[in-house]
Amino acid sequence: MMMEKIVSLSDGENIDELQQYLSSLTDDQLTMVVTNSALKGKDIGAIVKAIFKGSPPSTPKGASRRLLLYQHCIPLCDSGDLQTEVASDILGLLMLETHNLPGPSLAQLASLFVDAIKTGKMGNGKSMELFPTVLTALASTEALSYGKGELSGEEYKKQVINSLCSSRWDPQCVIHLTTMFRDVPLSPEELQFLVEKVLRMFLKLDLQEIPPLVYQLLLLAAKGCKKQVLEGIISYFTEQDLRQKEEQNNGEISDLEVQSVPEDQLRHVEGTAILHIVFAMRLDHELGREFLKSLKGSQGDLCPFSIALLLSVARIPRYEEQVFELLKGAISKDLKNEQLRHGSKFLQDLLPQRCSLAQMILDTVKNSVFGWDHVTQGLVQLGFILMDSFGPKAAPFGKTAAEGAIVTAKTPTQQACRLGGQVLLEGFKMHEPIRVEILEQVLNRLVTKTATPVTHFIELLSDIVVSAPMILLESSSKVTETFDHLSYLPLATVQGLLKAVQPLLKVSMSMKDALILVLRKAMFSSQLDGRKSALTGFLLLLKNFRVLGSLSSSQASQTISSSQVQVDVHSRYNSAANEAFCLEILSSLRRCLGQQADVRLMLYEGFHDVIRRNSQLASSIMQTLLSQLRRYYEPEQDLLPPVKLESCISAQGDQVFLQEPLSHLLSCTVHCLLWYQGMSQPNAGESDNDDDDEGGVQAELQSLLESITRRMIKCELEDFELDKSAEFSVVSSVGVKNSIYAVLVMGVYEVLMEYNFTKANYSKSVFEEVLELFKRYNKMAQILREKSGKGKSSKSPRSLLSIGFVSTLLTALFRDSTQSRDEALTVLRSSGDFLRYSVSVALQKVTQLEDTGHTDGPDGQNTDKTFRHLCDITSVLMWRYTNIPCAVEDAGKEKRCSVSLLCLEGLLRIFSTCLLRYPARLVQLLSANDVSVGEDSHGPEKHSVTEKTSFYIRQFQRALFTQLSGVEEDFNSKEAQLLVNILSVLSRQLEPSSQQFGEVITWTVKVCKETSFEDAAFSKGLLSLLFSLHVLYKSPVSLLLELCQDIHSQLGDIDQDVEVEQQSHFAIVNMKTAAPATLLVLSQVGRVLDEVDWLIAKKKGQLVPDKPSPGDATQAVRQEDPVEKALTLQLGALLTALNELVQTALPPGVCTNTLLGELSRTYTTLTTLVKYYIQLCSGQQGVLPVRLEKLVKLSGSHLTPQCYSFITYVQSGELAGVADDKKKKKEGEAVNSASVRSSCLVLFTVTKKCPYI
């Protein structure tokens, strides 16, 4: 047997004999021996060693025999026929001898591998382990023949790698090749070439093969090209995400060749890839640094995959802070950029709309449901970082900012905070492990952040409760722990917190009991806020735990999920137990009637809501109110006044303060009585003992109110010790006492007006009484206005009329045309003061709603009801303003116009309030006015916001046109300004691409061109409207040029000898209005410069990443970039406009200083632009665009000389001003010299910047 013979010869000492025997064998015989031995797995190591021993590499025969062995063993190992250990043994022996092969043999072996790869005949790829050794050996040979010449081994190796990377790879061998190249020494160029090749192969691989390839590629990245590897992986997954999104949007793929990838499969692969990358970064910190550096350099161009990767990387402590700073900065920047783009048509046309970063982050949250546990912790941190960093801040002097209904997030800061909340809410819904942590952190912030507003955290808690109440019950202990801190928290936080967790109290006995314990303790707190918190909690419980038999009302319905409702049904302990529970709470609350005025006030404001939602408690509550009212009621019918004011105040030392808010007590009593009578009328037939008791209370309350009304009408101010001679100063105790009395008396009159009007049933005699009450009220109000007018504040006290009554009253006064009611209503309509008062109270209520999100009185906290009243008020005010023109009124024209003005002011406030508090319901509000709905009155949703708004805009345009059509003497500036403000608010609701928007711009331009009234405030408003619209239509630079020419024409030239050409594009610019118009124009110049600066910065940021490809970039410079072209044109038009202004004889002071400031900015922007172009051209062999050269020439030869003349003009004006001032009083000198110094500083700055360009 040949096999044994070879082995035995090899074991012997005689090598020559072994060589001779091997030489005697043919190639086929030798390969047969090797194959048989390998397949049997027997003596293969010995055979291979023997062949090497008997084939010295120095002899040609030995070298060729060795090559034959390699050429035969390589495909044999790849065939898959051998056992793994056998193949490994063979390859191990071959590796040891590779360095002894001569150069040509190595070259042949390299070609063998390359051909196998090219033809895809690699089998299982086992032999690839040998290829790095062959290439290393090849690189160390001195010279090899190549073609007709020679190459060094290193160069030959490069040719092999080049040939390999240029050829087509079988997708199956990509992972083997990547693994193999890890062991090959590569130059940076070769490595880059290889990485590009592997990244291109990603698209040809099956999705499941991507994670192992990513792993091998990251190991390969240890040699270099880290940035390229990471960017390649990220861009691959970004592309997959986009394709996935398109498929979801299109429903089906139109191209049948593209294989659709199931989303869950893609997400699992992405998750695995992220784990590999993070693992690699833990081991190789350079990789992590390169990743963060790459993302910072790409100007925050993130995608859902890179965001998920960042959040996973944040789990590595050394990168945590950097990652969140990067994300926070990128989010803030993206939102600011979007706001800037959204506000300018010029930018919208230049830059295409792209997916917002906020949406990508929410996509990442959605994707994380596919087992991305390594991302969820980062999402929680990000959510809280955003809410903490961008949440509402404390207002000055420790006050918290105005709170109220959820407002649309408008500023980038608010949007970032809202995004944090959305991330946490969605994360809470999707991932069970992080729920406890989110809840804990939210509750901790409510307890610890007492100095800053926590409305955003309360909002989040409320959303969590509504979305997953049963999950929250599992963590109920966390909520009850928070209750322990209630008495130490700010009142607003307590109200928000209790309102948020209220649905949980209905389903969790233990939580409710824990809360009641805490509230009882708080009721005895030494802190006023603690007692208020207890009162808030008890009132909330009374509203929501309804006693069996309570009348159901739509207001009482709570938004609770079905799971809560089921639990509520199972725990029917409540109906019977609730009555005892509620009565017990009521007895606790009676303690409040002996506490400070603030506490009593809260109780009175809460009772009406309680009685409306829990009608079975009406008897107890009304009994309580009656006994409290009796304390301050004068039962002797002949005595005046009918109320004991002295009991309502108390004194401490020389300080006097309110003890009992009597008017609020009366208001609460009246509203509870009216509501109860309204509810009990349908059930009048049924009666029992309870009803008799309630009837007795009702009768007593009615007679008491009638008695107070009768006697209050008889009262003169002297009866209250208040008349014109009374003192109302806030510094003396007598003045404070009188002020408190006055406010209480006015409140009582208002409550009685509402009560009697409501009960009157349009009786003329009762309306006469209402008017008498009003006259007394008005007399008091006038005295208070006159007296306090001398002091600091002349603000009238807040009206006690409810918003529902205001709506009813206005409708009756202005719209009610029922014949039978006419006689009674004429009594009230005949009083101009009463009409003005009614509208001014409506205005006050709307302003309060805008500021706080709710109004005083019943239903003030109920957003739906308040909105309905707002709709009714809008309808009435609109009708009143548009249907009764000034000319129709004969008597008291001035007074009539003031009602008209109040209506207009009311409408302006209503539109602003609606957009702030009810942004989604604008169409509903505008549809409330039946004039605009016309015959299609049902279905407001049929009308778009644009159509509805457009109708209203036409009404107000008509009114303004009427104003402007008259002579200037009849022009009512205040009315015109209000109309312009309303047009400004409404026109923002139009779609900028709509026809209606274009019509409004055309109309505004026409008015500006044709109106020549010399009213500075009106012209300022009108021009502001023009600019705010124009910027959404197209760039305003052409408009600015025309306005600058008009201003120059009106004010004349700085050189008095030069006669300016008379131009008048816009008649609104005249001698009186030119200065304010200049300031408006300059603010627009500033805005244009902001946009230009932003675009230059954006272009500069794009310069850095494009450095490696100078060929492409040069190409781009030659075909001038549209953004660069637009920039140059903007600046050119701006310079022309400024050229007009610097020649204008502007009044010294604000105008000249502002112009100098904008000139300084313009030169800075020009410098930045020129530096950008220099940087662009130095990187590539480009030429400066002709446009830029023209721009620089324009600034140098036209603007700069005029700037110097203007600076001289300003300096001479300043000096002349100082000379004049010296003749005046000495006190002014310091101020003037300071203003001169500041002006000189501006001048110096501009003088320095002029020659830079």
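Here's a quick rundown of the structure.

Conventions we followed
- Residues numbered from 1 in each chain as written.
- Predicted model: local features only at pLDDT ≥ 70, side-chain atom pairs only at ≥ 80, totals over all residues.
- Heavy atoms only, no water.
- Helix = DSSP H or I, 4+ residues; strand = E, 2+ residues; numbered from the N terminus.
- Buried < 20%, exposed > 50% of the residue type's maximum accessible area, 1.4 Å probe, protein only.
- Contact = heavy atoms within 4.5 Å.
- Areas by Shrake-Rupley, 256 points an atom, 1.4 Å probe, with all protein chains shown as cover.
- Expected span 1.5 Å × (residues − 1).
- Salt bridge = Lys/Arg side-chain N within 4 Å of Asp/Glu carboxyl O.
- Patch = residues over 30% accessible without salt bridge, like charges linked within 9 Å, V, L, I, M, F, W, Y side chains within 5 Å.
- Lys, Arg positive; Asp, Glu negative; His and termini not counted.
- Charge placed at Lys NZ, Arg CZ, Asp CG, Glu CD.
- 1 Å grid on protein atoms, 1.4 Å probe; cavity = no way out; pocket = protein on both sides within 12 Å on 5 of 7 lines; lining within 4 Å.
- Points joined across faces, edges and corners; volume = space filled by probe spheres on them.
- Nonpolar A, V, L, I, M, F, W, Y, C, P; charged D, E, K, R; others polar.
- Phe/Tyr/Trp six-rings, centres within 6.5 Å; stacked < 30°, edge-to-face > 60°.
- Axes fitted to C-alpha atoms, helices over the stretch in contact; angles between N-to-C directions.
- Left-handed = near helix turned anticlockwise from the far one by under 90°.
- Parallel < 35°, antiparallel > 145°, perpendicular 65-115°, else oblique.

### Examining the overall build of the chain
Tallying secondary structure elements over the chain gives 54 helices and four strands in all. A burial count over the chain gives 51% of its 1253 residues as buried. Summarising the internal contacts of the chain: among those between residues at least 6 apart in sequence, 75% fall at separations of at least 24. Just so you have it, the chain exposes about 57200 Å², and 52% of that area is on carbon and sulfur atoms.

### What about helix 48 (residues 1037-1051)?
Counting along an α-helix, one turn takes 3.6 residues, and residues three or four places apart therefore face a common direction. With 15 residues, helix 48 extends 21 Å from end C-alpha to end C-alpha; this agrees with the ideal 21 Å at 1.5 Å per step. By the criterion of burial, helix 48 is predominantly enclosed, with 11 of the 15 residues buried. Those residues of helix 48 that sit buried are Val1037, Leu1039, Leu1040, Leu1043, Cys1044, Gln1045, Asp1046, Ile1047, His1048, Ser1049 and Leu1051. Directly beyond the C-terminal end of helix 48, a positive phi value near 85 degrees is found at glycine 1052.

### A short note on the pattern of salt bridges
For the structure on display, the rule yields 39 salt bridges. With a closest N to O distance of 3.8 Å, glutamate 459 and arginine 418 form a salt bridge. Placement of glutamate 459 in helix 23 (residues 455-467) and of arginine 418 in helix 21 (residues 412-430) is noted, with a sequence separation of 41 residues between them. Judged by relative accessible area, arginine 418 falls into the partly exposed class, the value being 31%. Through salt bridges with shared partners, one network takes in Lys543, Asp609, Arg612, Asp859 and Lys865.

### Focus: a negative patch on the surface
The grouping of Glu968, Glu969, Asp970 and Glu1014 at the surface amounts to a negative patch. Relative to the elements of secondary structure, aspartate 970 occurs in the loop between helix 44 (945-965) and helix 45 (973-987).

### Focus: empty space enclosed by the protein
It is a probe the size of a water molecule, rolled over the atoms, that shows where empty space is left. The tally for this structure, following the rule as stated, stands at two cavities of 30 Å³ or more. Here the largest cavity is characterised by a volume of approximately 160 Å³. Taken together, 13 residues make up the lining of the largest cavity; nearest its centre are Glu605, His664, Ser667, Gly857 and Pro858. Going through the elements one at a time, helix 31 (597-613) and helix 33 (662-680) are the ones with two or more residues in the lining of the largest cavity. In terms of residues, the lining of the largest cavity owes the most to one element, helix 33, which gives four residues. A breakdown of the residues in the lining of the largest cavity according to their chemical character gives five nonpolar, five polar and three charged. Volume-wise, the second largest cavity comes out at about 30 Å³. Forming the boundary of the second largest cavity are Leu629, Tyr632, Tyr633, Val643, Leu662, Leu666, Ile708 and Val748. Residue composition of the lining of the second largest cavity, grouped by class: eight nonpolar, no polar and no charged.

### A look at the packing of aromatic side chains
Under the definition given, this model contains 21 aromatic pairs. Measuring from centroid to centroid gives 4.5 Å for phenylalanine 237 and phenylalanine 305, while their planes differ by 25 degrees, and the two rings are stacked. Of this pair, phenylalanine 237 sits in helix 13 (residues 226-250) while phenylalanine 305 sits in helix 16 (residues 304-313), and the two are 68 residues apart along the sequence. Of the two residues, phenylalanine 237 and phenylalanine 305, both sit in the buried class. Ring geometry for phenylalanine 1206 against tyrosine 1209: centres 5.9 Å apart, planes inclined by 35 degrees, an arrangement best described as tilted. Placement of the pair is phenylalanine 1206 and tyrosine 1209 together in helix 53 (residues 1186-1222), with a separation of three residues, close to one helical turn.

### Quick look at the packing of helix 22 (residues 435-448) against helix 23
Between helix 22 and helix 23, the least distance of the axes is 10 Å, while the angle of their chain directions is 145 degrees. With respect to the hand of their crossing, helix 22 and helix 23 are arranged in left-handed fashion. Contact residues: Ile438, Leu439, Val442, Leu443, Arg445 and Leu446 in helix 22; Phe457, Ile458, Leu460, Leu461 and Ile464 in helix 23. Residues belonging to the contact of helix 22 with helix 23 are distributed by class as follows: 10 nonpolar, no polar and one charged.

### Points about the environment of valine 86
Inspection of the secondary structure puts valine 86 in helix 6 (residues 84-98). Since its relative accessible area comes to 7%, valine 86 is described here as buried. Each C-alpha atom, one on valine 86 and one on serine 37, is 9.9 Å from the other, the two residues being 49 residues apart in sequence.

### A look at helix 9 (residues 153-166)
Look at helix 9: 20 Å from first C-alpha to last across 14 residues, which is about the 20 Å you get at 1.5 Å a residue. All buried positions along helix 9 are accounted for by Gly153, Tyr156, Lys157, Val160, Ile161, Leu164 and Cys165.

### Here's the deal with a nonpolar patch on the surface
Together, Tyr215, Leu219, Phe279 and Leu283 make up an exposed nonpolar region whose accessible area comes to about 400 Å². Every element with two or more residues in the nonpolar patch is listed here: helix 12 (210-220) and helix 14 (263-283).

### What to know about the packing of helix 33 against helix 35 (residues 733-760)
With their axes 8 Å apart at the nearest point, helix 33 and helix 35 run at an angle of 10 degrees to one another. One finds that helix 33 runs roughly parallel with respect to helix 35. Regarding helix 33 and helix 35, the two cross each other, and that crossing is left-handed. Here Leu662, Ser663, Leu666, Ser667, Val670, His671, Leu673, Leu674 and Gln677 of helix 33 lie close against helix 35, whose contacting residues are Leu744, Gly747, Val748, Val751, Leu752, Glu754, Tyr755, Thr758 and Lys759. The residue makeup of the contact of helix 33 with helix 35, split by class, is 10 nonpolar, six polar and two charged.

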